[in-house]
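Breakdown of the fold
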Amino acid sequence: MSIQQVLLLVFLAFLCGRVKNHRIRNFLLIVSSFVIFYRFQTATPIFFLDFWLPTFAILMALTVWAATQTSLKKALKDNLQTLVIALLVISLISANRYLTLCCITATRPPHLWVVLSFIVIFFILLAVFVLAIPHGTRLGLLIIAFIAIFVVLKTPEFSLLLSKVLRWINQQDPRFSSPNDLVWLGISYILFRLLHLLFDSRAGRLPPANLAETLCYIFFFPALVAGPIARFPQFQAELKKSPQLEEVVEGMQRVFIGLFRKFVLADSLALLSLSPQNAPLIQSSIYLWTALLAYSLRIYFDFSGYTDIAIGSARLMGIRLPENFNAPYLKTNLIQFWSSWHITLADWFRSYVFNPLARKLRLNSAMPSWLTILIPQLSTMLLIGLWHGISPNFFLWGAWHGVGLFLNNRWTSLRKSAPSSRFQALQSFFGWGLTFAFVTLGWVWFLMPTFDGAIETFRKLLGFGL
Amino acid sequence: MEELLNDLSKFIAETILQNPSRKIKPTEALISSGLLDSFHLVDLAIYIEERFGVKIEDTELNRQTFDNLQELSKIVFDRMQGK
């Protein structure tokens, strides 16, 4: 995100916050979020894809909303205005191609008749899907479909295949295909919000929601690019609140903190940071440690800076988003680190993977206790790793933290019965150093694309092979 | 409610923290302070279900739903009353 883009976010957020009427504010939020989505989606070499990717995401959201309804006919009647606004925005963005002042999208969008035909076909299929398939089954099918989409987008081999198919449809040369052709803005967050709605609707936990609230939740523009992933009931409650003027001051303060972290601290550290390109060239162990430390701090300031901008912008319109970081690098053990790093993603995985799995295993008295701890911990961390991309480096990064958390758990369990030490402060300091070193070394797996590259970096950090 | 709170407090101190002399205040932060980790929360949910017949969902084992004994006791109490 550039500074201009941040300023646009802040301006739109301030504008939305000044609208007192909730209904109109939600409509304005939807329009702003869609425009931001199309505007921020980068160009790809495949024709019209920068238009189609946001459009598909919006249609997926409409599918989820329709699929969660018990009476589609009544729901459509009650939400017709929102639906018309959503489709009007898509049509106007497509019609933008006929104006001299073109375009909101990165490249010229497809013809309006193509878009409208596509939308008509989509609605016919959606009606058949919702009316013909029972509620529970259709939600289950959508969960499988979205996980499949996620896997395809996150696996370079599958993305390459999809790129070839899309190029073939567009009559473009498939020899130039690349997995990078399918860079889809914010899709990891959008899919996880959609899955949250589907899981909770299936379990009967989702509160009744209209289409406007659902679209605001999924595409809420301050959190579109990099989260956080709020939970729907909390977000819905925030949407119903009236913004207060003093929140503008708090919001702006938070945005400035974010700008400083992202554009001053993170971008300066980027000049020193370790990267797959410079790692093989560095021949000094001390310089390598410095570069790794710079990377460790940079990734934190970069991500937490974006989160500050998102939380601050949301506050400008009186909406409180959940925190994503809580001083993670100051924690004295790995368990605490994972309660304060990318909190909303970790909470998502706790809710839908870790807790159900751990509960099932803990109730199984035949299984040894240590295994009921290792299995959920390791599988959750592997999935968190693979959420970043389905490749060996993210798998290894997840495994590193999964094993680390298991060892941390065992150590804590062992220490419980030990008398409290007089050297508490020293222990805490040692715990902090160990945790920080473990997390920082773990970034080597995260950033080096190959196993051999990571091992070579570890060797050089220890002074071998220089 | 008082009894319920004491029961949960005793379970956390004796079984989870293995420190019977530890007194947990009703408003003391349990999750955000790091006192209870993810496994403790799962064990706590299993205990509540077995002891009081009340289910705390997997999606509720987080600081947004409860972060101290007072909040947790209220959830369990309300559910026991069928609210």
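We now turn to the structure provided with this report. (Residues numbered from 1 in each chain as written. Chains lettered and ligands numbered in written order. Predicted model: local features only at pLDDT ≥ 70, side-chain atom pairs only at ≥ 80, totals over all residues. Heavy atoms only, no water.)

Below, the discussion takes up the overall build of chain B. Helix and strand counts for chain B come out as 3 helices and 0 strands. A globule of 83 residues ought to have a C-alpha radius of gyration of about 12 Å, and chain B, at 12 Å, matches this closely. Overall, the C-alpha framework of chain B stretches about 35 × 25 × 20 Å when taken along its three principal axes. Within chain B, buried positions represent 52% of all 83 residues. Considering only residue pairs separated by 6 or more positions, chain B has 61% of its internal contacts joining residues 24 or more positions apart. Carbon together with sulfur atoms contributes 46% to the accessible area of chain B, which is approximately 4,200 Å² in total. The centroid of the 10 positive side-chain charges in chain B is displaced by 4 Å from the centroid of its 15 negative side-chain charges. (Helix = DSSP H or I, 4+ residues; strand = E, 2+ residues; numbered from the N terminus. Rg over C-alpha atoms; globule rule 2.2 N^0.38 Å. Buried < 20%, exposed > 50% of the residue type's maximum accessible area, 1.4 Å probe, protein only. Contact = heavy atoms within 4.5 Å. Areas by Shrake-Rupley, 256 points an atom, 1.4 Å probe, with all protein chains shown as cover. Lys, Arg positive; Asp, Glu negative; His and termini not counted. Charge placed at Lys NZ, Arg CZ, Asp CG, Glu CD.)

With that out of the way, let us pick up the packing of helix α7 (residues 135–154) of chain A against helix α9 (residues 187–202) of chain A. Residues and elements named next belong to chain A. The N-to-C vectors of α7 and α9 enclose an angle of 160 degrees; their axes lie 10 Å apart at closest approach. Put simply, α7 runs roughly antiparallel to α9. Here α7 and α9 pass one another in a crossing that is left-handed. Residues H135, G136, L139, G140, L142, I143, F146, I147, I149, F150, L153 and K154 of α7 lie in contact with α9, whose contacting residues are I187, S188, L191, F192, L194, L195, L198, F199, S201 and R202. Within the contact of α7 with α9, the residues separate by chemical class into 15 nonpolar, 5 polar and 2 charged. (Axes fitted to C-alpha atoms, helices over the stretch in contact; angles between N-to-C directions. Parallel < 35°, antiparallel > 145°, perpendicular 65-115°, else oblique. Left-handed = near helix turned anticlockwise from the far one by under 90°. Nonpolar A, V, L, I, M, F, W, Y, C, P; charged D, E, K, R; others polar.)

What follows deals with the nonpolar core. All names here are of chain A. By size, the foremost hydrophobic cluster in this structure holds 132 residues, and its most contacted members are F219 and W443. Counting residues per element, this core draws most heavily on helix α13 (residues 285–316), which supplies 15 residues. When we break this core down by domain, the ones giving at least three residues each are domain 1 (21–241) and domain 2 (279–415 + 426–461). With sequence-adjacent residues up to four places away left out, F219 is seen in contact with S33, F34, F37, A57, I58, A61, I190 and L224. (Core = buried A, V, L, I, M, F, W, Y, C linked by side-chain atoms within 4.5 Å. Domains from an automatic or database assignment.)

Right, let's talk about the interface of chain B and chain A for a bit. Contacts between chain B and chain A engage 21 residues on the former and 24 residues on the latter. When chain B packs against chain A, the two sides together hide about 2,100 Å² of surface, and 50% of this comes from carbon and sulfur. The largest share of the area that chain B buries against chain A comes from F39, D58 and T59 of chain B, three residues that together contribute 34% of it. Taken together, the connections running from chain B to chain A amount to 4 salt bridges. Taking the shortest distance from any N to any O, the salt bridge between D58 of chain B and R359 of chain A comes out at 2.9 Å. Where chain B packs against chain A, one counts 9 residue pairs in polar contact (both at pLDDT 80 or more). (Buried area = accessible area lost by both parts, 1.4 Å probe. Salt bridge = Lys/Arg side-chain N within 4 Å of Asp/Glu carboxyl O. Polar contact = N/O pair within 3.5 Å; in protein donor to acceptor, adjacent residues only side chain to side chain.)

Taken together, the side chains of L162, V165, W168 and I169 of chain A define a hydrophobic patch exposed on the protein surface, amounting to about 420 Å² of accessible area. By the secondary structure assignment, I169 of chain A is in helix α8 (residues 156–169). (Patch = residues over 30% accessible without salt bridge, like charges linked within 9 Å, V, L, I, M, F, W, Y side chains within 5 Å.)

Residue and element names in this part refer to chain A. Summed over the entire model, instances satisfying the criterion amount to 49 aromatic pairs over all chains. Ring plane angle 35 degrees and centroid distance 4.1 Å describe the contact between F192 and W348, whose orientation is recorded as tilted. Taken together, the residues F192 in helix α9 and W348 in helix α15 (residues 343–363) connect sequence positions 156 residues apart. F192 sits in the buried class, given a relative accessible area of 5%. Given the relative accessible area of 6%, W348 is considered buried. (Phe/Tyr/Trp six-rings, centres within 6.5 Å; stacked < 30°, edge-to-face > 60°.)

A separate point is empty space enclosed by the protein. One simple way to see leftover space: roll a probe sized like a water molecule over the atoms. Summed over the entire model, instances satisfying the criterion amount to 3 cavities of 30 Å³ or more. Considering only enclosed or pocket space, the largest cavity measures out at about 350 Å³ in volume. As for the largest cavity, its lining consists of 24 residues, of which I335, W338, S339 and R350 of chain A together with S38 of chain B are closest to the centre. Listing elements by their share of the lining of the largest cavity, those giving two or more residues are α14 (334–337), α15, α16 (369–387) and α17 (392–416) of chain A together with α2 (38–52) of chain B. Here the residues of the lining of the largest cavity are counted per class, giving 12 nonpolar, 8 polar and 4 charged. Counted as a void, the second largest cavity has a volume near 40 Å³. Lining the second largest cavity are R193, Y217, F220, A223, P228, A230, F235 and L321 of chain A. Taken together, the residues of the lining of the second largest cavity sort by class into 7 nonpolar, no polar and 1 charged. (1 Å grid on protein atoms, 1.4 Å probe; cavity = no way out; pocket = protein on both sides within 12 Å on 5 of 7 lines; lining within 4 Å. Points joined across faces, edges and corners; volume = space filled by probe spheres on them.)

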